[in-house]
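Understanding the architecture of this molecule
Letter by letter, the chains look like this.
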Amino acid sequence: MTPALPPSPLTKGKGRESGAHVTPEIAVSKYNPSEIEPKWQKRWAEAGLHKTAYDPAKPKYYVLDMFPYPSGSGLHVGHCEGYTATDIITRWKRMQGYVVLHPMGWDAFGLPAENYAIKTGIHPRVTTEQAVANFRRQIDSVGFCYDWDREVNTTDPSYYKWTQWIFLQFFRKGLAYEGVMPINWCPSCKTGLANEEVKGGLCERCGTPAERKALRQWLLRITRYADRLLEDLAEVDWPESTLLMQKNWIGRSEGAEVAFRISGGSADGQELRVFTTRPDTLFGATYMVLSPEHEIVERITTPEQRGAVKAYQEQARRKSDLERTDLAKEKSGAFTGGYAVNPANGKKIPVWIADYVLATYGTGAIMAVPAHDERDFEFATKFKLPIIEVVKPVQGPTTLPQAAFIEDGISVNSGDCDGLATAEVKKKITKRLASEGSGKAAVTYRLRDWLFSRQRYWGEPIPIVHCPKCGAVGVPEEQLPVALPEVERYEPSGTGESPLATIEQWLRTICPKCGGNAKRETNTMPQWAGSCWYYLRYLDPENGREPWSKKAEKQWMNVDLYVGGAEHAVLHLLYARFWHKVLYDLGLVSTKEPFKKLRHQGTVLARTYSDSRRKYYPLSEIEFKNDEPYLKATGEKLQCEIEKMAKTKLNGINPDDVIMQYGADTLRLYEIFMGEFELPKPWDPRAIEGCNRFLRRIVRLVDEFDPSKVSPGDPHKRLRHRTIKQVHCDLDRMHFNTAVARLMEYVNELSSAGAVREDLETLTKLVAPFAPHLADELWERMGKSGFLLTQQWPVYDEKLTAFEQVTIVVQVNGKLRGDFLASPDATQEELQKAAFDVPKVKPHIEGKTVRKVIVVPKKLVNIVAG
RNA sequence: GCCCGGGUGGUGGAACUGGUAGACACUAGGGACUUAAAAUCCCUUGCCGUAAAUAUGGCGUGCCGGUUCAAUUCCGGCCCCGGGCACCA
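Here is a short report on the structure shown in this document. (Residues numbered from 1 in each chain as written. Chains lettered and ligands numbered in written order. Predicted model: local features only at pLDDT ≥ 70, side-chain atom pairs only at ≥ 80, totals over all residues. Heavy atoms only, no water.)

Tracing the backbone through its elements, the reader meets Gly-565 in the loop between strand E24 (561–563) and helix H17 (571–585). Those residues in contact with Gly-565, other than ones at most four positions away along the chain, are Met-66, His-600 and Gln-601. (Helix = DSSP H or I, 4+ residues; strand = E, 2+ residues; numbered from the N terminus. Contact = heavy atoms within 4.5 Å.)

This part takes up helix H2 (residues 77–95). Under the 1.5 Å per step criterion, the end-to-end length of H2 is 26 Å for 19 residues, consistent within 8% with the ideal 27 Å. Counting buried positions along H2 gives 18 out of 19 residues, so the element sits mostly inside the fold. Positive phi appears at Gly-97, one or two residues downstream of H2, with a value of about 95 degrees. (Expected span 1.5 Å × (residues − 1). Buried < 20%, exposed > 50% of the residue type's maximum accessible area, 1.4 Å probe, protein only.)

Across the two faces of strand E12 (residues 287–290) the burial is the same, with Tyr-287 and Val-289 and Met-288 and Leu-290 all buried. With four bridges joining them, E12 and strand E15 (residues 365–368) adopt antiparallel strand pairing. The residue of E15 that forms the bridge with Tyr-287 is Ala-368. Of the strand pairs in this sheet, E12 and strand E14 (residues 348–353) are connected by three bridges, and their pairing is parallel. The residue of E14 that forms the bridge with Leu-290 is Ile-353. (Pairing = 2+ DSSP bridges.)

For the rest of this paragraph, the subject is unusual backbone geometry. Following Leu-480, the chain continues into Pro-481 via a peptide bond in cis, with omega recorded as 0 degrees. Omega for the bond connecting Met-557 with Asn-558 falls within 30 degrees of zero, at 0 degrees, which places this linkage in the cis form. Positionally, Asn-558 belongs in the loop between helix H16 (550–556) and E24. Positioned with a positive phi, Asn-413 is a non-glycine residue whose angle comes to about 50 degrees. For Asn-413, the position within the fold is in the loop between strand E17 (410–411) and helix H12 (422–436). Of note, the phi angle at Leu-650 is positive, near 55 degrees, even though the residue is not glycine. Structurally, Leu-650 can be placed in the loop between strand E30 (639–644) and helix H18 (655–662). With relative accessibility at 42%, the residue Leu-650 sits in the partly exposed group.

Moving on, we come to the pattern of salt bridges. Under the defined criterion, the tally for this structure stands at 55 salt bridges. Put simply, Lys-382 and Glu-330 hold a salt bridge, and the shortest N to O gap is 3.4 Å. Placement of Lys-382 in helix H11 (residues 374–382) and of Glu-330 in the loop between helix H10 (321–327) and strand E13 (334–341) is noted, with a sequence separation of 52 residues between them. Taking the relative accessible area as the measure of exposure, Lys-382 reaches 37% and is therefore partly exposed. What makes Glu-330 exposed here is its relative accessible area of 58%. Across the salt bridge formed by Lys-784 and Glu-761, the nearest N and O atoms sit 3.2 Å from each other. (Salt bridge = Lys/Arg side-chain N within 4 Å of Asp/Glu carboxyl O.)

It is worth spelling out the sheet that holds strand E23 (residues 517–520) at this point. As summarised here, the arrangement of the four strands in space is E21-E20-E23-E22, forming an open sheet in which the pairing is antiparallel. Each edge of the open sheet carries a strand with a single partner, namely strand E21 (471–474) and strand E22 (508–510). Each adjacent strand pair in this sheet contributes to an overall mean axis angle of 45 degrees, direction not counted. Looking at chain direction, strand E20 (residues 464–467) and E23 are connected through two bridges and run antiparallel. Residue pairing for E23: His-466 is matched across the bridge by Lys-519. Relative to E21, helix H5 (residues 157–172) is tilted by about 130 degrees, and along the sheet it contacts E20 and E21. (Axes fitted to C-alpha atoms, helices over the stretch in contact; angles between N-to-C directions.)

Let us now look at the sheet that holds strand E25 (residues 598–599). Reading across the sheet, the four strands line up as E2-E1-E24-E25 and stay open at both edges, with parallel pairing between neighbours. Looking at strand neighbours, the two that pair on one side only are strand E2 (99–101) and E25, the edges of this open sheet. Pairing analysis gives three bridges linking strand E1 (residues 60–65) to E24, with the strands arranged parallel. Each residue of the ladder has a partner; that of Leu-64, found in E24, is Tyr-562. On the sheet, H2 packs against E1, E2 and E24 and is oriented at approximately 170 degrees with respect to E1.

This part takes up the packing of helix H19 (residues 664–673) against helix H20 (residues 688–703). Here H19 crosses H20 at 125 degrees, and the two axes come no closer than 9 Å. Taken as axis vectors, H19 and H20 run oblique relative to one another. For the pair H19 and H20, the sense of crossing is right-handed. Residue-level inspection shows Asp-665, Thr-666, Leu-669, Tyr-670 and Phe-673 of H19 in contact with H20, the latter providing Ile-688, Cys-691, Asn-692, Phe-694 and Leu-695. In terms of residue class, the contact of H19 with H20 is built from seven nonpolar, two polar and one charged. (Parallel < 35°, antiparallel > 145°, perpendicular 65-115°, else oblique. Left-handed = near helix turned anticlockwise from the far one by under 90°. Nonpolar A, V, L, I, M, F, W, Y, C, P; charged D, E, K, R; others polar.)

Counting residues in hydrophobic clusters, the biggest one holds 172 residues, and the most contacted among them are Trp-450, Tyr-534, Phe-578, Trp-579, Trp-683 and Phe-770. In terms of residues, this core owes the most to one element, H17, which gives nine residues. Contact partners of Tyr-534, with chain neighbours within four places excluded, come to Leu-64, Asp-65, Met-66, Phe-67, Val-152, Tyr-159, Tyr-562 and His-572. (Core = buried A, V, L, I, M, F, W, Y, C linked by side-chain atoms within 4.5 Å.)

Here we take up a nonpolar patch on the surface. A surface patch of nonpolar side chains, amounting to about 230 Å² of accessible area, comprises Tyr-116, Ile-122 and Val-126. Tracing the sequence through the fold places Val-126 in helix H4 (residues 124–141). (Patch = residues over 30% accessible without salt bridge, like charges linked within 9 Å, V, L, I, M, F, W, Y side chains within 5 Å. Areas by Shrake-Rupley, 256 points an atom, 1.4 Å probe, with all protein chains shown as cover.)

Evaluation of the coordinates by the stated rule reveals 41 aromatic pairs. Each ring, one from Phe-379 and one from Phe-383, has its centre 4.7 Å from the other, and the planes form 50 degrees; the classification is tilted. Chaining the aromatic ring pairs together yields one cluster made of Phe-167, Phe-170, Phe-171, Trp-218, Tyr-225, Trp-450, Phe-452, Trp-528, Tyr-575, Phe-578 and Trp-579. Against the face of Tyr-61 rests Lys-93, its NZ or CZ located 4.4 Å from the ring centre. It is Lys-93 that lies over the ring of Tyr-98; its NZ or CZ is 4.5 Å from the centre. (Phe/Tyr/Trp six-rings, centres within 6.5 Å; stacked < 30°, edge-to-face > 60°. Lys NZ or Arg CZ within 6 Å of the ring centre and 35° of its normal.)

What follows is the structure in structure tokens.
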């Protein structure tokens, strides 16, 4: 029934030289990944196995990795973790009959290549090409099943032609506009930064403190989509923390806009509008604060206060973002001399300026309610401004006058609102303001428009022509792409403009509208631009007439699973969602959201070794005594920590080295066996060994297959079905580590108790998504033909996954005292009776009264006695 | 300061909606095979006791308290680590 297996190519391996004195019969099976992995990669490529063609007869699945920036240092094991996960899912889905789209490409515009060009004069295109080739080689060596026919590269003119085309659609809809405004400027990168790119006052990329600089810039009106970017988060299956970050970044607050009338001075009678989330505290507004940059400051300031106000404005201007955030603990400000009237009670209140009020949020002005806002409280205390309580806690004592009471409560000192609850007062006052024409309900967002221009060379040129007569004119679509010209030097020009501004020949052009002389836009797009729509280009990468066809979009969208680092939780994901919504409005895509399910891989950490001066050393310079690290050269004892992999910390692991030593299948297996996919986890070079051993045991199992060693029949039938079920369910939850553990248990059992053919075939199929090279090799070795990717994923029979007998544990007063075996169908009465008969249980209930017995079917019996 | 994650053996980590804590793996120790080594296989490995042959009692999931017959899991308070935000009115 079971045919004898042909001799294994696996048994050859290294043994070619030793073959002379080792007879095949007693050959120890060898697992030689360096032989079988290239062999199968070659066969897969020759068969075009990973090419995807849409098939309406099959369900579709779109699995996307965040495409990498091809850096010069190559792929690291952190990339491989996410790619391994999506590869496993892809193979698993394909075996289940899905047609799976799983592409890869390059986010290749960016600063490192450009900075390298500035240093060396080598064109970024050249370094990028080299880096891409290296990445490609590395990715292929891990055996990932990407459909390379769909490869995209954001720096390819045939790609950025469409990035520019999309920009023009934005421009046409009024979603891209020019503005001269103080922007975040990184003096080191010599370029403007979007709000999202400044972290704690520092440039996100290089850590240099950001400055303010007024330059002509392009902006995208992302704020117009704030509400939809928020609402549609309800449709997606994303990590809770990422959803929260997006929500916080958009920062919607509901409240009211209130108009205060200025009293006295040259601005007498003018309206001063503020935004507040607490209109209920209007009676407690005892002063107002404008941001130092507010346009009305000029007119409201009295001659006596002019000096102080000017000085304060100057001081605020000089403060960098860093100082405004980190160091601005102590409140500061200046009185303008002007007054405004509180519309609630007609009282005149002073108007101040202070930099704790931001020019860019709300209306750039606030009503200050020191009794119920911490910041206003602090400011009022410092400048001795009146504090009037208008909200009392529903019960218990208030925090005043020691601290502001910021909770909701019951209104006091608020005229006819006294005694009402905060929520009610908010509505009542807003309504009244509206009827008096001095206010209305309002919503404000923290989100700002997206600064979309960079003064850099290595990016997509913004396809705009500046004409003295017609203004900014979009480049006609048939003239796209506006290609990057060759330049002599890559440095930004002295004026802060991009190097493109120095290429006269390229710069000068004809206005598409009037035919007069005009100049090209010299700003380029930020790196995020290309990644805002790459997932759409994969659908139809060769299309020369349009960015993608409607048909392809309908067939493949949404992305069913998107995997990438959590560092993109705000930037890339917000920008891509924004573009997608604009494309939706243009009728170019049919879904509101691009990425249905999103998961982040956890960061891969590794040990670092540093001396007392915090200088890092590579493993090669370290020796271990009693497991403790010492520097070989000096014998100094080193400090060992577990940190994120970084070049500077010398703790990076190159997948090439792992593949050379253990093979790609072992690398893949270890990547996902390390720990839970979404959590950070340390790379332990020793633990890889276990994964390699596991694969070798599988090889032996097949190699030494001997049906006579196993008990008759199909002894592992239930275990087999249970294993299928568990692996399947774990993959569904992306719990790869436990799926592998289940496979290990199965292999352990088969190794000790022998296997039937069915076991080996099932095992090979189950292992295939994880270790595809080895699986295909074993499949062939078992006399089968074809690739496992085209085989059917094993199916389990639910009935057979149940145990024939289950262990029932017996507790007395919650403490484990014994156990017994029972049928899973045993009744509660039977279980209870059996529990009392367990010998070990008896002494614990002797002489006691049984008060209660709890029986949990298939699990336990708890006897409560006392 | 606020908002999220997370604290489980020597180590990485398991444990579905409360029901045998420590699956699976690594390390370490012991043994088998071998001329030897590697590989492989078997045993032990949370801690503390009693017994020391099979055995057996207690403690134990960051800390303190609560709910429950039963808590790694639920609730309240606190400590530590990682990430995000940081005057957003």
